Amino acid sequence: MKVDFDLDTVDSLILEIGKTYRMQSVTHPLTREFFMMRPEILLPDFISLEKEEGLDMEGTHGCIYTLKTKKPGEGTLISSIIDLKSGVPAIEKKVPVEVR
């Protein structure tokens, strides 16, 4: 299924209030060193996480999030791939987001 935007390729987002968007998280190749990983997202309070689906790309950590904008606001969306052994992000991207 199609995504509205891919966090690996965007630097900022301007979204419309009351809309639902499908977003691909940041991604990371599955390797021996990066085996025990999981995607994580932190959202501003004016955006809600409606659904999280596995990424349909073999050999890649990541997922597809369905997000809904609730009210106007400005903030930062943080998408990361967390190393489950250390609890520390192996990769993290902060994206400024505005809902109008």
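What you see is a predicted model, and the numbers here were worked out from it, not measured in a lab.

Caption draft 1: Expanded view of the packing of aromatic side chains. Applying the stated criterion across every chain yields a total of 1 aromatic pair. Where Phe 5 meets Tyr 21, the ring centres are 6.1 Å apart and the plane angle is 50°; that geometry is what we call tilted. Here the residue Phe 5 occupies a position in strand E1 (residues 5–6), and Tyr 21 occupies one in strand E3 (residues 20–24), the gap between them amounting to 16 residues. Given a relative accessible area of 9%, Phe 5 falls into the buried group. On the basis of relative accessible area, Tyr 21 is assigned to the buried category, the value being 14%.

Caption draft 2: Up close: the nonpolar core. Membership of the largest hydrophobic core comes to 20 residues, with the highest contact counts inside it found for Leu 13, Leu 15, Met 23 and Leu 77. With residues near it in sequence (within four places) discarded, Leu 13 still touches Phe 5, Leu 77, Val 95, Pro 96, Val 97 and Glu 98.

Caption draft 3: View of the pattern of salt bridges. As enumerated under the stated definition, the model contains 4 salt bridges in all. We note a salt bridge from Glu 16 to Lys 19, for which the minimum N-O separation is 3.6 Å. One salt bridge in this structure joins Arg 38 and Glu 40, with 3.0 Å as the shortest N-O distance. By relative accessible area, which is 28% here, Glu 40 ends up partly exposed.

Caption draft 4: Examining the sheet that holds strand E10 (residues 89–99) more closely. A sheet is described by the order of its strands in space; here 4 strands give the open sequence E2-E10-E9-E5, paired in mixed fashion. Each edge of the open sheet is held by one strand with a lone partner, namely strand E2 (13–15) and strand E5 (37–42). When the angles between neighbouring strand axes are averaged without regard to direction, this sheet yields 25°. Alignment of E2 against E10, held across 3 bridges, turns out to be parallel.

Caption draft 5: Quick peek at the sheet that holds E1. The sheet built from 4 strands is open, its strands ordered E1-E3-E8-E6 with mixed pairing. Of all strands in the sheet, those with a lone pairing partner are E1 and strand E6 (47–54), marking the two edges. Relative to strand E8 (residues 63–69), E3 runs antiparallel, the two being bridged by 5 bridges. Bridge pairing in E8 links Tyr 21 to Leu 67.

Caption draft 6: The arrangement of the environment of Thr 76 in detail. By the secondary structure assignment, Thr 76 is in strand E9 (residues 73–83). Separated by 63 residues in sequence, Thr 76 and Leu 13 have C-alpha atoms that sit 9.5 Å apart. Excluding its chain neighbours within four sequence positions, the residues that come into contact with Thr 76 are Leu 42, Pro 44, Lys 94, Val 95, Pro 96 and Val 97.

Cut-offs applied
Residues numbered from 1 in each chain as written. Predicted model: local features only at pLDDT ≥ 70, side-chain atom pairs only at ≥ 80, totals over all residues. Heavy atoms only, no water. Phe/Tyr/Trp six-rings, centres within 6.5 Å; stacked < 30°, edge-to-face > 60°. Helix = DSSP H or I, 4+ residues; strand = E, 2+ residues; numbered from the N terminus. Buried < 20%, exposed > 50% of the residue type's maximum accessible area, 1.4 Å probe, protein only. Core = buried A, V, L, I, M, F, W, Y, C linked by side-chain atoms within 4.5 Å. Contact = heavy atoms within 4.5 Å. Salt bridge = Lys/Arg side-chain N within 4 Å of Asp/Glu carboxyl O. Pairing = 2+ DSSP bridges. Axes fitted to C-alpha atoms, helices over the stretch in contact; angles between N-to-C directions.

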